Each structure stands twice: as structure tokens, then as C-alpha cells.
Amino acid sequence: MTHRRAAIPALVGALSLTLVLWWAGASAQALELRGTTNLLDIQSMNELRRWLTPWAYDTPTTLLPGDGPQYSTLHRTTMQIRFVAVFVAYLAGALHLVRRMPPTPGRTPATLLALWAWGPVAGTLAGIASAPWLIASSGHGSFRLLPQLASMSASSGPTVVFAALVSSLVTVVVARITMKDADAAPRGEVPPRAARLAASVGTAVIALSLVVLSYEAVAAWIQTSVVGSGLLSEPGDLLRQWLLLGGWSGPGRTPFGEWLLHRAGDVLMLAVVWWALRRVAARPTSHAAGRPPTGEPTARKRLPHFDRLSIIREPSTRGGNAEKFN
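These numbers were taken from a predicted model, which means no experiment stands behind them.

Enquirer: Help me out: how do you make sense of the overall build of the protein chain in this one?
Expert: Within the protein chain one finds 11 helices and 2 strands. For the protein chain, the residues scored as buried account for 31% of the 326 residues in total. Taking contacts inside the protein chain between residues at least 6 apart in sequence as the whole, the part at least 24 apart equals 76%. A total of about 20,800 Å² of accessible surface is found on the protein chain, and carbon and sulfur atoms cover 65% of it.

Enquirer: Any chance you could explain the nonpolar core here in plain terms?
Expert: Soluble globular proteins: nonpolar side chains tend toward being buried together. Counting 24 residues, the largest nonpolar core has Leu17, Leu21, Trp55, Val86, Tyr90 and Leu115 as the members making the most contacts within it. Contact partners of Trp55, with chain neighbours within four places excluded, come to Leu21, Gly25, Met79, Arg82, Phe83, Val86, Gly123, Ala126, Ser156, Thr159 and Val160.

Enquirer: I tried to follow the pattern of salt bridges on my own but got confused; where do I start?
Expert: Following the criterion strictly, the structure yields 2 salt bridges and no others. Here Asp266 makes a salt bridge to Arg263, at a shortest N to O gap of 3.3 Å. Of this pair, Asp266 and Arg263 both sit in helix 11 (residues 256-280), separated by 3 residues, roughly a single helical turn.

Enquirer: Would you mind going over helix 8 (residues 192-213) with me for this structure?
Expert: Residues spaced three or four apart along an α-helix face the same direction, because each turn holds 3.6 residues. Spanning 22 residues, helix 8 covers 30 Å between terminal C-alpha atoms, matching the ideal 32 Å at 1.5 Å per step. Its maximal kink placed at Ala207, helix 8 deviates by approximately 30 degrees. Against the buried residues of helix 8 lie helix 9 (216-225), helix 10 (236-243) and helix 11.

Enquirer: Mind showing me how you'd approach the packing of helix 8 against helix 11 here?
Expert: Geometrically, a packed helix pair is captured by the angle between its two axes and the distance between the axes. With their axes 8 Å apart at the nearest point, helix 8 and helix 11 run at an angle of 150 degrees to one another. Relative to helix 11, the element helix 8 lies roughly antiparallel. In this structure, helix 8 meets helix 11 at a crossing whose hand is right-handed. Touching Pro192, Ala195, Arg196, Ala199, Ser200, Gly202, Thr203, Ile206, Ala207, Leu210 and Val211 of helix 8 are Asp266, Met269, Leu270, Val273, Trp274, Leu277 and Arg278, all from helix 11. Of the residues that constitute the contact of helix 8 with helix 11, the class distribution is 12 nonpolar, 3 polar and 3 charged.

Enquirer: So what exactly am I meant to see when it comes to the side chain of Thr111 here?
Expert: Secondary-structure assignment places Thr111 in helix 5 (residues 108-137). We classify Thr111 as buried; its relative accessible area is 2%. When neighbours within four sequence positions are excluded, Thr111 is seen to be in contact with Met101, Pro102, Pro103 and Val172.

Enquirer: Whenever I open this one, the side chain of Thr18 confuses me. Can you help?
Expert: Mapping Thr18 onto the fold places it in helix 1 (residues 3-26). The exposure class assigned to Thr18 is buried, which follows from its relative accessible area of 13%. With near-sequence residues (within four places) excluded, Thr18 lies in contact with Phe83, Val86 and Phe87.

Enquirer: Any chance you could explain a nonpolar patch on the surface here in plain terms?
Expert: On the surface, Leu113, Trp116, Val161 and Phe162 cluster together into a nonpolar patch covering about 370 Å² of accessible area. If you list the elements that add at least two residues to the nonpolar patch, you get helix 5 and helix 7 (159-178). On the secondary structure map, Trp116 appears in helix 5. What makes Trp116 partly exposed here is its relative accessible area of 30%.

Enquirer: Even after reading the chapter, I still don't get the confidence of the model for the protein chain, so can you show me in this structure?
Expert: Close reading of the predicted structure is inappropriate where its pLDDT is low. Chain-level pLDDT for the protein chain is 77 on average; 74% of the residues reach the 70-or-more range. Within the model, pLDDT remains below 50 along residues 288-314, and this stretch shows 25 contacts once partners closer than five positions in the same chain are excluded. Under a pLDDT of 50 for its full length, residues 316-326 has, in the predicted model, 20 contacts with residues more than four places off or in other chains.

Enquirer: Where do I start with the packing of helix 5 against helix 6 (residues 145-153) in this structure?
Expert: Where helix 5 meets helix 6, the closest approach of the two axes is 8 Å, and the angle between their N-to-C directions is 140 degrees. Classified by the interaxial angle, the pair formed by helix 5 and helix 6 is oblique. The element helix 5 and its partner helix 6 pack so that their crossing is right-handed. Judged by residue contacts, Thr124, Gly127, Ile128, Ala131, Leu134 and Ile135 of helix 5 engage Leu145, Gln148, Leu149, Met152 and Ser153 from helix 6.

Enquirer: Where do I start with the environment of Trp55 in this structure?
Expert: By secondary structure assignment, the location of Trp55 is in the loop between helix 3 (42-52) and helix 4 (68-100). Take Trp55: its relative accessible area is 1%, and that puts it in the buried class. Remark: the alpha-carbon pair of Trp55 and Leu21, spanning 34 residues in sequence, is separated by 6.4 Å.

Enquirer: It is not clear to me how the packing of aromatic side chains should be interpreted in this structure. Could you clarify?
Expert: Describing an aromatic ring pair means giving the distance of the ring centres and the angle of the ring planes. Applying the stated rule across the entire model yields 4 aromatic pairs. Here Trp51 and Phe162 contribute two aromatic rings whose centre-to-centre distance is 6.0 Å and whose plane-to-plane angle is 25 degrees, an arrangement assigned as stacked. Residue Trp51 is found in helix 3, and its partner Phe162 is found in helix 7; the two are separated by 111 residues along the sequence. With a relative accessible area of 27%, Trp51 lands in the partly exposed category. The ring centre of Trp55 lies 5.6 Å from the NZ or CZ of Arg82, which sits over that ring.

Criteria and thresholds
- Residues numbered from 1 in each chain as written.
- Predicted model: local features only at pLDDT ≥ 70, side-chain atom pairs only at ≥ 80, totals over all residues.
- Heavy atoms only, no water.
- Helix = DSSP H or I, 4+ residues; strand = E, 2+ residues; numbered from the N terminus.
- Buried < 20%, exposed > 50% of the residue type's maximum accessible area, 1.4 Å probe, protein only.
- Contact = heavy atoms within 4.5 Å.
- Areas by Shrake-Rupley, 256 points an atom, 1.4 Å probe, with all protein chains shown as cover.
- Core = buried A, V, L, I, M, F, W, Y, C linked by side-chain atoms within 4.5 Å.
- Salt bridge = Lys/Arg side-chain N within 4 Å of Asp/Glu carboxyl O.
- Expected span 1.5 Å × (residues − 1).
- Bend = angle between axes of the 7 residues up to and from the residue.
- Axes fitted to C-alpha atoms, helices over the stretch in contact; angles between N-to-C directions.
- Parallel < 35°, antiparallel > 145°, perpendicular 65-115°, else oblique.
- Left-handed = near helix turned anticlockwise from the far one by under 90°.
- Nonpolar A, V, L, I, M, F, W, Y, C, P; charged D, E, K, R; others polar.
- Patch = residues over 30% accessible without salt bridge, like charges linked within 9 Å, V, L, I, M, F, W, Y side chains within 5 Å.
- pLDDT = per-residue confidence, 0-100.
- Phe/Tyr/Trp six-rings, centres within 6.5 Å; stacked < 30°, edge-to-face > 60°.
- Lys NZ or Arg CZ within 6 Å of the ring centre and 35° of its normal.

Here is the structure:
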């Protein structure tokens, strides 16, 4: 698929993701209405507020009244940066995914899952991009900057997961419409040995974080081993946020069967990661859409040639010799 065709569904998907997140953030004010506790209990309401607050455009009620106008403006600037960042991040990723993995028959589920997985990544990148402004709008930006940055980078919340599902469906539907009359691009062929090696290396990186670095003792060492100073003090929380994918320890007082069941979930996740990386190698299309797939010889135009060349010399009218080819 060309860039021009892929840009339309990517643009529509990014716009739908931004609108769904904006609508979810605007709905956070409904939790402050009277009678909300009659419909939801306190625990459910607090959990729902935690999901929606990272995308709430309105100023939080926790700001001090004396500094309200200045911090309210800064908070609105923060949310503007966050929404623009999530739009740009999703647009860039969706453009590449739709172009290299167009939703043709047989590829549509893979394209849908890839776009869905990219949504939370775009939300995390948007949270990181807007984190400095959000920390400053809280009124204590110089206090424990790196721990606050670690908390803000993970503040996109589960709302992005559901919003990304909606945007991925919209992107796939629009992509199927735009590529209705387009020629199907050939798939890029990857040798099985190279695909298995790439999948094994990727799975090893995930296993390093999930099994080794996420062990309780190792995680505690990561958090306390690096000591900074000034604004860069306490970088342990930020390192744990970026390096760890979970947390586990020995059985302890937990029944061994229950502990082993939790660890089986980690093993199953690693198996799914390896299988997905192994299968995704055959999904992207080749860079040259007009070329035949690997393994098929390119048709060459046969040029005419002479089996033999004879020169017949005949006397010319001027007394010279003329050459004639048969």
C-alpha cells in the first residue's frame, strides 16, 4: 500500500483515538454529581476516577485557591500537549503498520492486533511528553522529580486500551475501503531460520525483564543501587518503571501449587510472545510492491539477435562497394 492510501486510515484512526480519549476525560466530571454514590460504590467510583483523570481536560479540584488561575492555565496546556502527542504518535505508528501490513484477507486480524497494541504505546509516549508540564502544574515540580516522572509515564491508564480497540477497528475498516481497488502487494519472505532467531532474541529480552529483573531482590537492588543528587535524585522508581514488566518472589507462605500457577502464566506469555514474533515475520509486505515475490524469477525481455551475420558486397552505382546484411 502506498503512503497516500495508508495516510487516510491512519489519520482517521488517530482522530478517533483522540476523540474517544477526550470524551472519556470529559466524562470524569460526571463522577462529581450528586447521586453517583447511589449507582456506584465508593471503591468503584474511585477506580473509575483513576482511569479517567489522566485524560480529564478540566482543572483538578486539588489545586490551591490562591494559585488557581496560574496552575489552571498550565494544566490546560499540559492536556493540549498530551492530546496532540497521542494524535501524532498514533498517526506515525498506524501509517507504518497499515502500509506494511495492509488488512487484506488473511492479514486483517494481524493488522487489527498490531494497531490495538500500538494504541497504549502512543498513550504512554503522550504521557511522557506531557509529564514535565503536568508535574509543574501540581505546584511541587522540584520535589522528587524522577519518581514523579516515573508515575506520570504510567498514568495513561487502562482507558487507552479500550480507546485503542475502537480506533483500531475504525482504522481497519477505513483501510479496507481505501484499498478496495488497489493491487495486493507481495509478502516479504523471511527464511525460517532467521525468523526463529529473531523471535528467540526478542523473547529473550522480554524474559530478561520478566524473570530476572522482576525478581524481588533484583528489583530492590535496581531501585537502591543508583543514587543521584538534586533534581536527578532517587532514579530507582524511574528505572523500575522502564526495566521491569512484573514482580515475583519465592513461594514463601503461599501454597506451592498457587505460586506455580502464577509462574505458569509468565511462561505462557513468553510462549505467546515467541509465537507472535515468529508469525509476524511473514506478514509485512515487501518494500517494492511492483516486484515479484522472492523465489520467482523476474521476466526478462528477450532481445533479438542474429544467428549468423553475412556481408554481401555488391558493386554500387558509384563504383564503390555497398554492404548488405541478410
